[in-house]
Amino acid sequence: MELRQPSSAEEAVGLLGNGHVALAGGTEIVPLLRDGLLRADALIDIRRAVPRGIHGTTIGAGTTLAELEVDPGIPVVLREACRLAASPQLRAMGSIGGNLLQATRCWYWRLDFPCYLHGGDRCHAKDGRHDEHAIFGNDVCASAHPSDVAAALLALGTMLRTTARELPLAELYRLPTTDDPQTTTLADDELILELEVPIPEASVYLKAMDRQRWSFPIVGVAAARTAGEVRLGLAGVAPVPWTLTSVDDLDRATPLPGTAYKLPIARALVARALRAVATG
Ligand SMILES: Cc1cc2nc3c(=O)[nH]c(=O)nc-3n(C[C@H](O)[C@H](O)[C@H](O)COP(=O)(O)OP(=O)(O)OC[C@H]3O[C@@H](n4cnc5c(N)ncnc54)[C@H](O)[C@@H]3O)c2cc1C
Ligand code: SF4
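This is a predicted model, so every value here is computed, not measured. (Residues numbered from 1 in each chain as written. Chains lettered and ligands numbered in written order. Predicted model: local features only at pLDDT ≥ 70, side-chain atom pairs only at ≥ 80, totals over all residues.)

*Asks:* Please explain the overall build of the protein as it appears in this structure.
*Replies:* The secondary structure content of the protein amounts to 10 helices and 12 strands. By the compact-globule yardstick of 19 Å for 280 residues, the protein fits well, its C-alpha radius of gyration being 18 Å. Along the longest, intermediate and shortest principal axes, the C-alpha atoms of the protein span 50 × 45 × 30 Å. Residue burial in the protein is summarised as follows: out of 280 residues, 46% are buried. Considering only contacts in the protein between residues 6 or more positions apart, those separated by 24 or more positions represent 67%. (Helix = DSSP H or I, 4+ residues; strand = E, 2+ residues; numbered from the N terminus. Rg over C-alpha atoms; globule rule 2.2 N^0.38 Å. Buried ≥ 20, exposed ≤ 12 C-beta atoms within 10 Å, placed from the backbone. Contact = placed C-beta atoms within 7 Å.)

*Asks:* Looking at this model, I keep getting lost on the site of ligand 2. Mind explaining?
*Replies:* In the vicinity of ligand 2 lie 15 residues, with C106, Y108, C115, C123 and C141 positioned nearest. Going through the elements one at a time, α7 (107–110) and α8 (124–127) are the ones with two or more residues in the shell around ligand 2. (Near = placed C-beta within 6 Å.)

*Asks:* Sorry if this is basic, but what is going on with the sheet that holds strand β2 (residues 20–23) here?
*Replies:* The strands that make up a sheet pair up through hydrogen bonds in the backbone, lying either parallel or antiparallel. Here 3 strands make up an open sheet; going across it, the order is β1-β3-β2 and the pairing parallel. Looking along the sheet, the strands with just one partner apiece sit at the ends: β1 (2–4) and β2. Across the sheet, the mean angle from the axis of one strand to that of its neighbour is 30 degrees, orientation sign disregarded. Pairing analysis gives 4 bridges linking β2 to strand β3 (residues 42–45), with the strands arranged parallel. By the bridge assignment for β3, V21 is matched with L43. (Pairing = 2+ DSSP bridges. Axes fitted to C-alpha atoms, helices over the stretch in contact; angles between N-to-C directions.)

*Asks:* Would you take a moment to explain the site of ligand 1 for this structure?
*Replies:* Residues in close proximity to ligand 1 total 31 residues, the closest being A24, G25, G94, G97 and G98. Mapped by element, the contributors of at least two residues to the shell around ligand 1 are β2, α5 (88–93), α6 (96–100) and α9 (148–156). In terms of residue class, the shell around ligand 1 is made up of 19 nonpolar, 10 polar and 2 charged. (Nonpolar A, V, L, I, M, F, W, Y, C, P; charged D, E, K, R; others polar.)

*Asks:* Just to check I follow, could you spell out unusual backbone geometry for this structure?
*Replies:* For residues besides glycine, phi is generally negative; the peptide bonds are generally trans as well. Even without a glycine there, the phi angle at A86 is positive, about 50 degrees. Considering the arrangement of structural elements, one finds A86 in the loop between α4 (76–83) and α5. A count of 23 C-beta atoms within 10 Å places A86 in the buried class.

*Asks:* What is the right way to read the packing of α4 against α9 from this model?
*Replies:* Between two packed helices, the angle of one axis relative to the other and the distance separating the axes together describe the packing. Two numbers describe how α4 lies on α9: the axes approach to 8 Å, and their chain directions differ by 175 degrees. With respect to α9, the element α4 is oriented roughly antiparallel. Facing α4, whose interface residues are V77, L78, A81 and C82, α9 presents D148, V149, A151, A152, L153, A155 and L156. (Parallel < 35°, antiparallel > 145°, perpendicular 65-115°, else oblique.)

*Asks:* How should I be thinking about the sheet that holds strand β8 (residues 192–196) in this particular structure?
*Replies:* Taking strand neighbours across the sheet as the criterion, the 5 strands line up as β4-β5-β8-β6-β7 in an open arrangement whose pairing is antiparallel. At either end of the open sheet lies a strand with only one pairing partner, and these are β4 (54–55) and β7 (166–168). Pairing of β4 with strand β5 (residues 58–60), which is carried by 2 bridges, proceeds in the antiparallel orientation. Following the sheet pairing, I54 is matched in β5 by I59.

*Asks:* Is there a simple way to think about the nonpolar core in this case?
*Replies:* Where a protein is soluble and globular, its nonpolar side chains tend to be buried together. In this structure, A81, A152, V221 and A222 are the most contacted members of the largest nonpolar core, which totals 81 residues. Per-element accounting of this core gives the leading share, 8 residues, to α9. Setting aside residues up to four positions removed in sequence, A81 forms contacts with D148, V149, A151, A152, Y205 and A222. (Core = buried A, V, L, I, M, F, W, Y, C linked by C-beta atoms within 7 Å.)

Treat this as a map of the structure, not an account of what it does.
Dropping the structure here:
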């Protein structure tokens, strides 16, 4: 397989698409290639093409989670979401741009079952084991988006700048349908360049895990109070990072038999998060 190393975003965009795939830290993409879940003719190493580093409220998409978790200028909710993600080794390599674009952890998908997200005609998880799956947005695919970081960025009201457009983070994602398995709106030849992250008055990230370290979220709740308004972002509850517009949204959850236990966890974490940002 070919490896290309463009030195600018323009050059990278010209190389991407048609089986040429962007590579940042490689923590996600290398296992997918190894397991045959992703096929690529060429890898486009974007590390010289995408900004890296923190400048005030602007974060380069190439910035690693390890860099974010120790920077005192980064809001608590995002630092904590980074600190609680993955392992120190993965956080040292993994970029925030790559984190937002990680694939589902659904084991049926990872084992290449021919489900909706692989272009098939059913959700194997709904008919089988789905304890780690969704309680919202699970009409077609019931996977649970694993990004703690995206939940934090949703709560903060983050804007993205790509090589093609500026957009609120929520618009990066879409729920898959029976005829379109995509979970993001990013084009094959589009790169995330920077994130604009407002500084909140108070923020918090709370994560329920099946062990205390190095685990994907069962439920992650991010809350941030900005200009007096509290926003909530959730991880591990829907096929895409999930925004709660109010606590009442929890009454509209659609848990599966195996994921019903997540709802009381979400309620408890949301209540705790709201208390924390009310005064924090
Ligand atoms: C074992 C394990 C445990 C983990 N646990 C957690 C966890 O608990 N919480 C959590 O939030 N995350 C977790 N992660 C995810 C981890 O944080 C991501 O794998 C990492 O951040 C991805 O970044 P990367 O730079 O390595 O991406 P890569 O692997 O290089 O790329 C990932 C994807 O993003 C695309 N891409 C990368 N950068 C850009 C860009 N700037 N523009 C456009 N496309 C881009 C690539 O083409 C690829 O499709 C875990 C991962 C592993 C492997
Ligand atoms: S939850 Fe989604 S990824 Fe998993 S089997 Fe169902 S359709 Fe596939």
